[in-house]
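Given next are the chains, with one letter for each unit.
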Amino acid sequence: MKIVSRNEELLRDALSCIPQPSSRTSLASCNRLIRFEDISAAAFKIQCGVQKTPCMYSRLSKQYGMDIYLKKEFLQYTGSVKERGVLYLLMSLPQEQQRKGVIVASDSNFSMAVAHHASELRVPVFVILPSSTAPGRLRTCRDYGAMVISYGTTAKECQVHARRLAQENGYLYLEEEDSAVYLSGLGTVGLEMYEQVPKLDAVIFPAGGHCGLLAGSAAALKHLNPHISVIGVESESFPVLQQSLKAGHPNDDQACNNHHFYGDVSGVCFGSNSLQLTGKLVDKVVAVREEDILISMLRLLEYERATVDAEGAIGLAALVAGKLPELKGKRVAVVICSGNVELHLLQQCIARALTLDNRVCRFSLVISDCPGDLSKLLEVLAREEARVLDIKQERTFVTSELFTVEVICTVETRDKIHTAQLRNALLERYPTAAWTER
């Protein structure tokens with residue numbers, strides 16, 4: 001049965017036939033209408049291959065004054081929502097192409113999803129990675145079953161090599177783009193959330209350059225209920241989507257080099273389909289600071305025991321930063337789309353987030369270099385219930401009076417109020433105490 005609605009006409013308007021750039025030789029796709037039936041068909045076809053992830057009420061709701069439901073897409077096998085689009089894309093390939101195989105050339109979530117699902121479908125899969133790739137990512141792709149080849153030092157060299165191998169051996173070179181098939185697979189997130197959370201008022205998605213999840217899910221949600229507000233969130237430092245929407249075409253000038261932190265939300269805008277869908281169907285796009293993303297990662301780890309990367313945390317960051325005051329008292333779903341953060345980076349992010357959240361602070365003061373003076377300082381800290389993380393003493397380069405020592409101390413507190421109380425207590429006893437501003 002054909003489903004016709006006002007939203008379907010809106011979608012048909014959005015997807016006018018726009019030629020793809022010639023450099024995208026990966027997947028021959030027609031920029032046709034992405035219909036609600038396409039998303040429904042994708043949901044049926046991939047249901048046995050991906051997780052129907054929970055969309056759970058969050059303890060963060062009370063803190064931010066709204067009913068928050070978290071769609072935990074980081075629970076997918078490869079830790080990313082990209083599995084939905086990738087699996088539907090691979091299942092839609094002709095059998096002859098499935099027999100020959102596919103090839104990708106990046107260390108992104110997209111490539112890891114291709115490595116896993118191609119192996120599961122018994123499709124030969126090759127992943128070309130630069131020598132600078134983190135060993136963990138390289139090992140993960142191998143564990144998924146892909147043939148991993150380390151080549152060159154840059155992503156560009158890997159892509160050129162992958163295209164050459166594809167041409168010589170008949171592989172299909174896959175690059176993340178906004179074909180109707182891929183967007184339909186990603187749009188199944190919107191379908192699931194609509195089923196899982198009744199009476200939704202708004203849904204928040206990660207945005208940025210790769211806004212396929214936002215566009216595909218908006219198509220599903222707006223068809224089911226045009227009154228649901230669909231909101232995209234991107235980085236304030238690299239407002240790729242906002243710049244592209246303003247220009248009316250994909251903008252390549254706002255690409256982010258810090259991809260290891262930001263992931264796909266900082267990439268260049270990869271297609272006109274998702275851009276036009278976003279312009280037609282998405283109600284609002286907001287930008288957040290890097291500090292808000294870090295605190296969002298910390299909140300998810302503490303309240304949800306969810307270890308996510310910047311791409312996964314950026315949706316919640318809009319609520320942390322107070323960018324959406326109109327949602328107070330509303331029922332809001334937030335997509336936590338990715339959890340592939342490298343361990344060394346996670347450690348840095350959490351340490352920095354604790355400082356930004358006023359829960360780790362550092363101060364220095366000068367005391368007499370006499371027995372018992374340091375213990376008196378520690379008594380003050382113990383009385384104020386501050387946890388000492390690090391303490392150092394400097395004698396040689398102290399410029400004040402003789403026989404004194406400079407003490408540099410890093411402590412952990414409960415919150416901003418506790419930090420202020422500790423500061424007042426120290427200044428009362430040590431008026432010359434100096435605090436290191438974050």
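Rules used throughout
- Residues numbered from 1 in each chain as written.
- Predicted model: local features only at pLDDT ≥ 70, side-chain atom pairs only at ≥ 80, totals over all residues.
- Heavy atoms only, no water.
- Buried < 20%, exposed > 50% of the residue type's maximum accessible area, 1.4 Å probe, protein only.
- Helix = DSSP H or I, 4+ residues; strand = E, 2+ residues; numbered from the N terminus.
- Pairing = 2+ DSSP bridges.
- Axes fitted to C-alpha atoms, helices over the stretch in contact; angles between N-to-C directions.
- Contact = heavy atoms within 4.5 Å.
- pLDDT = per-residue confidence, 0-100.
- Expected span 1.5 Å × (residues − 1).
- Polar contact = N/O pair within 3.5 Å; in protein donor to acceptor, adjacent residues only side chain to side chain.
- Salt bridge = Lys/Arg side-chain N within 4 Å of Asp/Glu carboxyl O.

(A) Up close: helix α13 (residues 272-281). For α13, the tally of buried residues reaches seven of ten residues, placing the bulk of the element in the interior. All of the buried residues in α13 are S272, N273, S274, L275, L277, T278 and L281.

(B) Broad picture of unusual backbone geometry. Positive phi values are uncommon outside glycine, yet R305 reaches one of about 55 degrees. The topology assignment puts R305 in the loop between α14 (290-304) and α15 (310-320). For N358, which is not glycine, the phi dihedral falls at a positive 60 degrees. Relative to the helices and strands, N358 resides in the loop between α16 (343-356) and β11 (360-368). You can call N358 partly exposed: its relative accessible area is 23%.

(C) Layout of the sheet that holds strand β7 (residues 202-206). Taken in spatial order, the six strands make up an open sheet running β1-β2-β10-β7-β8-β9, and their pairing is mixed. Edge positions in the sheet fall to β1 (55-57) and β9 (284-288), since each has one partner strand and no second. Recorded for the sheet is a direction-independent mean angle of 25 degrees between the axes of neighbouring strands. Pairing of strand β8 (residues 229-235) with β9, which is carried by five bridges, proceeds in the parallel orientation. The residue of β9 that forms the bridge with E234 is A287. Along the sheet, helix α11 (residues 240-247) makes contact with β8 and β9, crossing β9 at roughly 140 degrees.

(D) How the structure looks around the sheet that holds strand β5 (residues 147-150). Read across the open sheet, the four strands follow the order β5-β4-β3-β6; overall the sheet is parallel. Taken across any chain shown, the strands that pair with only one partner, and hence form the sheet edges, are β5 and β6 (172-173). Relative to β6, strand β3 (residues 102-104) is paired through two bridges, and the arrangement is parallel. Pairing of I103 across the sheet is with Y173, part of β6.

(E) Region of the structure containing the confidence of the model for the chain. For the chain, the average pLDDT comes to 88, and 88% of its residues sit at 70 or higher. Confidence drops under pLDDT 50 across residues 1-31; counting only partners more than four residues distant or on other chains, this segment forms 62 contacts.

(F) Up close: helix α6 (residues 109-120). In this model α6 runs 17 Å from its N-terminal to its C-terminal C-alpha over twelve residues, within 8% of the 16 Å that 1.5 Å per residue would give. A large share of α6 lies buried, amounting to ten of its twelve residues. Residues N109, F110, S111, M112, A113, V114, A115, H116, H117 and A118 constitute the buried set of α6. Among the structural elements, α4 (82-91), β3, β4 (125-129), α7 (135-144), α9 (180-196) and α15 are those in contact with the buried residues of α6.

(G) Main features of the environment of D292. Along the chain, D292 turns up in helix α14. D292 sits 29 residues away from A321 along the chain, and the two C-alpha atoms are 5.9 Å apart. Contacts of D292, omitting those with residues within four sequence positions, involve A317, V320 and A321. Within polar-contact distance, the side chain of D292 engages the side chain of R289 at 3.1 Å.

(H) Inspection of the pattern of salt bridges at higher detail. This model, assessed by the stated rule, comprises 19 salt bridges. Here D292 makes a salt bridge to R289, at a shortest N to O gap of 3.1 Å. Look at D292 and you get buried, because its relative accessible area is 5%. Judged by its relative accessible area of 40%, R289 falls in the partly exposed class. Ionic pairing is found between R387 and E412, a salt bridge with its closest N-O pair at 2.8 Å. Of the two residues, R387 is situated in strand β12 (residues 387-394) and E412 in strand β13 (residues 404-412); the sequence distance between them amounts to 25 residues. Overlapping salt bridges bring together K71, E73, R84 and E192 as one network.

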